[in-house]
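Given next are the chains, with one letter for each unit.
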Amino acid sequence: MWTYLIRRLASAVPTLFIIIAIAFFMIRLAPGGPFDRERVVPPEISANLNRVYHLDEPLPRQFLRYLGGLARGDFGPSFKYRDFTVTELIAAGFPVSLKIGLLAMAAAVLLGVGLGAWAAQRRNSAADHMVMGLAMTGIAVPNFVVAPLLSLVIGVYLNLLPVGGLGDGGVRHLLLPVISLALPQVAYIARLSRGSMLEVLNADFIRTGRAKGLTERRVVFRHALKNALTPVVSYLGPATAAIVTGSVVIEQIFGIPGLGRYFVQGALNRDYTLVMGVVVTYGALIIALNLVVDLLYGVLDPRVRSRE
Amino acid sequence: MTEAATVTRGRPAVAAAGRSPWRDAAMHLRRNRAAMAGLTTLCVLAVLSVAVPLLSPYAIDEIFWDAIGTGPSLAGGHPFGTDANGRDLFLRTLYAGRISLSVGLAASVVSVMVGVFWGTVSGYAGGTADSLMMRFVDILYALPFMFFVILLMVYFGRHVVLIFVAIGMVEWLDMARIVRGETLSLKRREFVEAARAMGAPPAWIVLRHVIPNVIGPVAVFATLTVPRAILFESFLSFLGLGIQEPMTSWGVLISEGATQMETQPWALVFPATFLAATLFSLNFLGDGLRDALDPKQR
């Protein structure tokens, strides 16, 4: 188990490095610069500006400088928000995004697995068809449609929940964004876990369990569910990526001061360091969660462990 | 019963004309009502969006100054109403279908080609080549890909072809994994062994024996890739990075509609219905295909 963990950790480092390298050179080789949209200044001043931000150095040198900064936890200064460093912006935005993302993830797994298992036990009943129909709707309707609809119906017409902003950061303000972010993932996970649950419920060891007189509850929770969870666990990686990218849109719709909204705006502004900061943070987050998923996989499925 | 069993197990008799697995699958698909409804809906949508210039006398960017933001009415000549700029929404929704459907199709074609090539080569070659190629897929899998596509769109312009390619390049990873898994198990089957024993070169075996046998799972997965590509394009368009005016896609129309849904709900409802109908149909068709091609599911 430990060698497995260390090997996975060691392989995470080059992955992160590749992410940083691709993002860095892609951003820098693109036409345009961070000061394009500002007042035209005499060449001496713009040369000075470039020198302050080290933009006059050759690219590989800038890359090394950036890596050096990263190693010290310094993401560099923002080009657009002049009074802040990127580290400060991330420190302010990331906890908000993380909170919403984790809540959405938890909701997706709990609701998704619950609904999927519930539907599987009632295969081809009205309840099953209803859950699967809802799941199909959840997959087919993008969350940038769900979000405004929810805020219109629940927020404006029914006036139950606030439609935007973070307020005091309480549950009431988080509910709508979390629901809209989680919904497509709930749908995917429900479908996945229904499928694998059906397969497992037909397996011999479940019949054995029933035959030896275990209660249905024990059969389902202790034996079936644990084995049916494997495909769900391997979907958690892509689910994280989907929630992270979804948050870009959801934060924009609900006006949440998270990290996602910096990304597109930063890219349009050619705010090199800010975009890099967001990519690095999210890249590291996705890698970390994939690592957790791999470990969970090892816990659920002993064959994965012994193979190493 | 026993008679029939011996007949099928032995050489195909004249009476029991053999049904090929493909015919068998096609029959099962035809019997699946949800899948057939999906297929029909898709065909209708595709024909409508291709034939839209014949159906409507207006141009896509024609502005009706006397009908700005009016609701749907057949008598007024705008069955889906007009948008906030006074453009006919029926027309725009169907033109948008052209882009959305072709994004889905093109991205799936790219992902099938790259994925099948990568998967079969990796699976059939095995050994170091296999582990290197799969490691590459693993690394790409961990990248926040959507971010790179967004960067690509921001920096290198918003050309339609770029959108096709970018989305296809994201979607081939799953395909490569599935194909590799299938190839690994096919490699050990007798007919592949026989071909090898007769001295067939690897490229021939892959082309003639492996690829035809992975078509089933690939077809299923491709139908599920199309909706993902369409959603991806609408996501990009929602952020303002997708298709540019005057061309439009369902994602663009939906994001425009979402901003005015209180005053002009029809601008959201019609494109969203078309998008949802397409995605539903593709999912039903994909499920139907999977059931039809996988004898275990019956």
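Residues numbered from 1 in each chain as written. Chains lettered and ligands numbered in written order. Predicted model: local features only at pLDDT ≥ 70, side-chain atom pairs only at ≥ 80, totals over all residues.

## Let's talk about the overall build of chain B
Part 1 of the argument: Check the secondary structure of chain B and you find 11 helices and zero strands.
Part 2 of the argument: When the helices and strands of chain B are read in sequence order from the N terminus, they spell out α-α-α-α-α-α-α-α-α-α-α.
Part 3 of the argument: Sorting the 298 residues of chain B into buried and exposed places 43% on the buried side.
Part 4 of the argument: Residue pairs at least 24 apart in sequence account for 70% of intrachain contacts in chain B once pairs closer than 6 positions are excluded. (Helix = DSSP H or I, 4+ residues; strand = E, 2+ residues; numbered from the N terminus. Buried ≥ 20, exposed ≤ 12 C-beta atoms within 10 Å, placed from the backbone. Contact = placed C-beta atoms within 7 Å.)

## Observations concerning the overall build of chain A
Part 1 of the argument: Each helix and strand in chain A was counted, giving 12 helices and zero strands.
Part 2 of the argument: Ordered by position in the sequence, the α and β elements of chain A form the string α-α-α-α-α-α-α-α-α-α-α-α.
Part 3 of the argument: On the principal axes, the C-alpha backbone points of chain A span a range of 85 × 55 × 30 Å.
Part 4 of the argument: Taking all 308 residues of chain A together, the buried fraction comes to 38%.
Part 5 of the argument: Long-range contacts, defined as pairs at least 24 residues apart, comprise 73% of the intrachain contacts of chain A with a sequence gap of at least 6.

## Quick look at the interface of chain A and chain B
Part 1 of the argument: At the interface, 30 residues of chain A touch 27 residues of chain B.
Part 2 of the argument: Only helix H1 (2–29), helix H5 (126–140), helix H6 (143–157), helix H9 (216–254), helix H10 (260–268) and helix H11 (272–300) of chain A provide two or more residues apiece to the side of chain A that touches chain B.
Part 3 of the argument: Residue classes in the side of chain A that touches chain B are distributed as 26 nonpolar, four polar and no charged. (Nonpolar A, V, L, I, M, F, W, Y, C, P; charged D, E, K, R; others polar.)

## Quick word on the confidence of the model for chain B
All names here are of chain B.
Part 1 of the argument: Mean pLDDT over chain B stands at 78; residues scoring 70 or higher make up 87%.
Part 2 of the argument: Averaged pLDDT values over the elements of chain B bottom out at 46 in helix H1 (residues 2–9) and peak at 88 in helix H8 (residues 190–197).
Part 3 of the argument: Here residues 1–8 is a poorly scored stretch, pLDDT under 50, and it has three contacts once near neighbours within four places are set aside; other chains count. (pLDDT = per-residue confidence, 0-100.)

## Quick look at the packing of helix H4 (residues 86–121) of chain A against H11 of chain A
Packed helices, taken two at a time, are described by the angle between their axes plus the distance between the axes.
Residues and elements named next belong to chain A.
Part 1 of the argument: Closest axis-to-axis distance for the H4/H11 pair is 10 Å, and the angle between their directions is 45°. Relative to H11, the element H4 lies oblique. The hand of the H4/H11 crossing is right-handed. Contact residues: H4 offers Val86, Leu89, Ile90 and Phe94, while H11 offers Thr273, Leu274, Gly277 and Thr281.
Part 2 of the argument: Across the contact of H4 with H11, the residue classes tally to five nonpolar, three polar and no charged. (Axes fitted to C-alpha atoms, helices over the stretch in contact; angles between N-to-C directions. Parallel < 35°, antiparallel > 145°, perpendicular 65-115°, else oblique. Left-handed = near helix turned anticlockwise from the far one by under 90°.)

## A word on the environment of Thr273 of chain A
All names here are of chain A.
Part 1 of the argument: Among the secondary structure elements, Thr273 is positioned in helix H11.
Part 2 of the argument: For Thr273 and Phe24, which are 249 residues apart along the polypeptide, the C-alpha to C-alpha distance reads 9.1 Å.
Part 3 of the argument: The residues touching Thr273, leaving out its near neighbours within four places in the chain, are Phe75, Gly76, Pro77, Ser78, Phe79 and Val86.

## As for unusual backbone geometry
Trans peptide bonds make up the majority, and among non-glycine residues the majority have a negative phi.
Part 1 of the argument: A positive phi angle is found at Asn124 of chain A, which is not glycine, with a value near 65°.
Part 2 of the argument: Residue placement: Asn124 of chain A occurs in the loop between H4 and H5.

## Section: helix H3 (residues 59–71) of chain A
Part 1 of the argument: Spanning 13 residues, H3 of chain A covers 18 Å between terminal C-alpha atoms, matching the ideal 18 Å at 1.5 Å per step.
Part 2 of the argument: After H3 of chain A finishes, the residue Gly73 of chain A shows a positive phi value of roughly 75°. (Expected span 1.5 Å × (residues − 1).)

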